[in-house]
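# A look at the structure
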Amino acid sequence: MERHAEPTEYQELEGGPLLKERRPEPCVLTIFGISGDLSREKLLPSLARLTRGGALPKGLVVAGVSRSATSFEADTPFPVHPIDVDLREARSFDRLATELRGLEASGETQGNRLIYLALPPDVVPATLAELGRAGVIQKGARRPWHRVIIEKPVGHDLDSARDLNRLALDVLDEEQIYRIDHYLGKETVQNLLVFRFGNAIFEPVWNHRYIDHVQITVAEEHDIGTRGGFYDQTGVVRDMMQNHLLQILSHVAMESPVSFAADDIRDKKHELLRSLRPHDGRAVFGQYAGYRETKGVTPGSKTPTYVATKVFIDNWRWKGVPFYLRTGKGLSEKVSEVSVHFDPIPHCLFGTEEVCQRVEPNVLTIGIQPEQKITVQFIAKVPGDDLSVGRVAMSFDYADGDLSARIPEAYERLLLDSLRGDATLFMRRDAVETSWKYVEPLLAPSMPDTYEIGSSGPVAAQELMRKDGRQWRSL
Ligand code: NDP
């Protein structure tokens, strides 16, 4: 394969012994919102690490846009060209177009442009339209290429997501749009597909015949901090479920793609989202105690900070298998994981009832964070001269063993992929809209149950499982 032929320094950084990717082409990367949290905490540090690892193209030029760009001091191993503009003013965009042409004239970027919109969501629609009008981006531009990265949230509900997508497609083709869900940049989320489709032993049992249920947990320890105004308008379903949880679910449950090409994978993920049984709106909603005292939160707010619900996939593979999803803030632990709970053995052979009770069904756990780890629990004989059994675990941890190369930050991977033009890990329009459609019944919840900060969530969430004769993995 030609595109994997050229060995480069940065392949070591990615640590991938099998898949080698090509070096990106030079371009002007313009970060809109250069002085914001996302740029400071994630984008610039990721670019710095990529630079040190030699992963970026030699001619890359980085520009930063915001109202205060020139007074923002970036601590980076590369220059950031600041452009001070107010994006609410249409004439700013003509100036931007001129500035970018100036940067291009002095560099070797071959006219390629990557725009990163790290902006407040309400500034994004007009910015996209004006970028198109001023010719900063051109629909269909392939050589040189123009691409735009759009941060989550893509819309606030189905209608607004459709509006934003329509607007983006007025000024760009779908292949030029990179919608980020940074969870997809996480190594373990990507490994879900390699694990499932690179090993022959799991696929035959990955279905309703052998699996009792699946749990997906994204628990956060921290509360909403100073983001009261934003969070109160958003809530947990928009913030976490519509995107991260449904994306993880689609990786766990999708059918095998024809190839690992971007659209083959995205076709199958979308097919899975379309197979979800329409949600009836029943879920456990929680709000941590003290949430309403946060600055920016409306008094008596009903915005949930926790949700737990049961989801079904109506297709041959998953008929009747419940997928339990839960996510929340202010919980006892920060953990994201998928656990696949297999059926119990059909008949216990081990003598006494006491021994049989210890024969727990197998559980396969895929840790996404903080531990990036896969564990299989099974039953083994306890050594001795009688028949006693105990639970043991077999595990693979990214932190040790043969694959212990430095794990890249999600944003490093996503920045590199967008520079390379690989859209596999970005959300396609159809998947975004289908996810919004799916969560719509959960967007206007009733009064949430209160739970204590540092707990495992509302009591009713435990009840949701208990009613089904199951229990959550402990946090
Ligand atoms: P911030 O509010 O911290 O930053 C917003 C940036 O936009 C600032 O640089 C601000 O600069 C600039 N800006 C705002 N209005 C204008 C304007 N009219 N003209 C020019 N520049 C403007 O937001 P975040 O960085 O936290 O988030 C950005 C986006 O990324 C949001 O959509 C968010 O949902 C998403 N996101 C953020 C994450 C994070 O970790 N922070 C994680 C995932 C997604 P100035 O005021 O100087 O103009």
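In this report, we go over the structure that sits alongside the text. (Residues numbered from 1 in each chain as written. Predicted model: local features only at pLDDT ≥ 70, side-chain atom pairs only at ≥ 80, totals over all residues. Heavy atoms only, no water.)

### As for the site of the ligand
Around the ligand, the surrounding shell holds 21 residues, and the nearest of these are Ser35, Leu38, Arg67, Ser68 and Leu87. Ser68 is positioned with one of its side-chain polar atoms (N or O) 2.5 Å from an oxygen atom of the ligand. When isolated, the ligand has an accessible area of 890 Å², and the protein chains bury 77% of it. (Near = heavy atom within 4 Å. Polar contact = N/O pair within 3.5 Å; in protein donor to acceptor, adjacent residues only side chain to side chain. Areas by Shrake-Rupley, 256 points an atom, 1.4 Å probe, with all protein chains shown as cover.)

### With respect to the packing of aromatic side chains
Taken as a whole and judged by the stated rule, the model has ten aromatic pairs. With a centroid separation of 6.3 Å and an interplanar angle of 70°, the aromatic rings of Tyr231 and Tyr291 are classed as edge-to-face. Of the two residues, Tyr231 is situated in helix α7 (residues 228-253) and Tyr291 in the loop between β8 (284-288) and β9 (306-311); the sequence distance between them amounts to 60 residues. Overall, Tyr231 belongs to the buried group, its relative accessible area being 0%. (Phe/Tyr/Trp six-rings, centres within 6.5 Å; stacked < 30°, edge-to-face > 60°. Helix = DSSP H or I, 4+ residues; strand = E, 2+ residues; numbered from the N terminus. Buried < 20%, exposed > 50% of the residue type's maximum accessible area, 1.4 Å probe, protein only.)

### A word on helix α2 (residues 37-52)
Its 16 residues place the ends of α2 22 Å apart at the C-alpha level, agreeing with the 22 Å of an ideal helix rising 1.5 Å per residue. For α2, the principal kink sits at Leu43 and spans about 30°; a proline, Pro45, occurs within the next four residues. Taken together, the buried positions of α2 are occupied by Ser39, Leu43, Leu44, Ser46, Leu47, Ala48 and Leu50. Just downstream of α2 lies Gly54, where phi reads positive at about 75°. (Expected span 1.5 Å × (residues − 1). Bend = angle between axes of the 7 residues up to and from the residue.)

### Concerning the environment of Thr30
The topology assignment puts Thr30 in strand β1 (residues 28-32). Classification of Thr30 as buried rests on a relative accessible area of 1%. Along the chain, Thr30 and Val307 lie 277 residues apart, while their C-alpha atoms are 37 Å from each other. Ignoring anything within four residues of it in the chain, the contact list for Thr30 reads Ala63, Val65, Leu100, Leu114, Ile115 and Tyr116. (Contact = heavy atoms within 4.5 Å.)

### Focus: the packing of α2 against helix α10 (residues 410-420)
Put simply, α2 and α10 touch, their axes get as near as 9 Å, and they point 70° apart. Taken together, the axes of α2 and α10 lie roughly perpendicular to each other. As α2 runs across α10, the sense of the crossing is right-handed. Two secondary-structure elements touch here, α2 through Leu38, Lys42, Leu43, Ser46, Leu47, Arg49 and Leu50 and α10 through Tyr411, Glu412, Leu415 and Leu416. Classifying every residue of the contact of α2 with α10 by side-chain character gives seven nonpolar, one polar and three charged. (Axes fitted to C-alpha atoms, helices over the stretch in contact; angles between N-to-C directions. Parallel < 35°, antiparallel > 145°, perpendicular 65-115°, else oblique. Left-handed = near helix turned anticlockwise from the far one by under 90°. Nonpolar A, V, L, I, M, F, W, Y, C, P; charged D, E, K, R; others polar.)

### Observations regarding the pairing of β9
In terms of burial, β9 is largely enclosed, as five of its six residues are buried. Taken together, the three bridges between β8 and β9 define a ladder with antiparallel strand orientation. In the sheet register, Phe285 faces β9, and the bridge partner there is Val307. In terms of strand pairing, β9 meets strand β10 (residues 323-328) through six bridges, oriented antiparallel. Opposite Thr309, over in β10, you have Leu325 as the bridge partner. (Pairing = 2+ DSSP bridges.)

### Overview of the state of the cysteines
Scanning all chains against the criterion turns up one disulfide. In this model, Cys348 is linked to Cys356 through a disulfide, with the two sulfur atoms separated by 1.8 Å. Residues Cys348 and Cys356 share a disulfide whose torsion about the S-S bond is about -85°; that sign makes it left-handed. (Disulfide = S-S within 2.5 Å.)

### Quick look at the pattern of salt bridges
Per the stated rule, a full pass over the model turns up 38 salt bridges. A salt bridge links Arg317 to Glu255, with the nearest nitrogen and oxygen atoms 2.8 Å apart. Placement of the pair is Arg317 in the loop between β9 and β10 and Glu255 in the loop between α7 and α8 (262-275), with a sequence separation of 62 residues. In this structure Arg317 comes out as buried when scored by relative accessible area, which is 13%. Across the pair Arg358 and Glu354 runs a salt bridge whose closest N-O atoms are separated by 3.1 Å. (Salt bridge = Lys/Arg side-chain N within 4 Å of Asp/Glu carboxyl O.)

### Description of empty space enclosed by the protein
For the structure shown, the criterion picks out three cavities of 30 Å³ or more. What the largest cavity holds in volume is close to 40 Å³. Along the walls of the largest cavity sit Gln247, Arg266, Lys269, His270, Phe426, Met427, Arg428 and Ala431, which together make up its complete lining. If you tally residues by element for the lining of the largest cavity, the top one is α8, at three residues. A class-by-class count of the residues in the lining of the largest cavity yields three nonpolar, two polar and three charged. (1 Å grid on protein atoms, 1.4 Å probe; cavity = no way out; pocket = protein on both sides within 12 Å on 5 of 7 lines; lining within 4 Å. Points joined across faces, edges and corners; volume = space filled by probe spheres on them.)

### Details of the sheet that holds strand β4 (residues 113-117)
The pairing of strands in a sheet comes from backbone hydrogen bonds and takes either a parallel or an antiparallel form. Pairing within the open sheet is parallel, and its six strands lie in the order β3-β2-β1-β4-β5-β6. Of all the strands in the sheet, the pair left with one neighbour each is β3 (80-84) and β6 (177-179). Looking at each pair of strands side by side, their axes are set apart by 20° on average, direction ignored. In the sheet, strand β2 (residues 61-66) pairs with β3 via five bridges, with the strands oriented parallel. Counted as the bridge partner of Ala63 is His81 from β3. Across the sheet, helix α4 (residues 124-133) is in contact with β1, β4 and β5 (146-150); its angle to β4 comes to roughly 160°.

### Here's the deal with the environment of Lys310
Of note, Lys310 is situated in strand β9. On the basis of relative accessibility, which here comes to 30%, the residue Lys310 falls in the partly exposed class. Separated by 119 residues in the primary sequence, Lys310 and Asn191 place their C-alpha atoms 24 Å from one another. Side-chain polar atoms of Lys310 contact the side chain of Asp468, separated by 2.8 Å.

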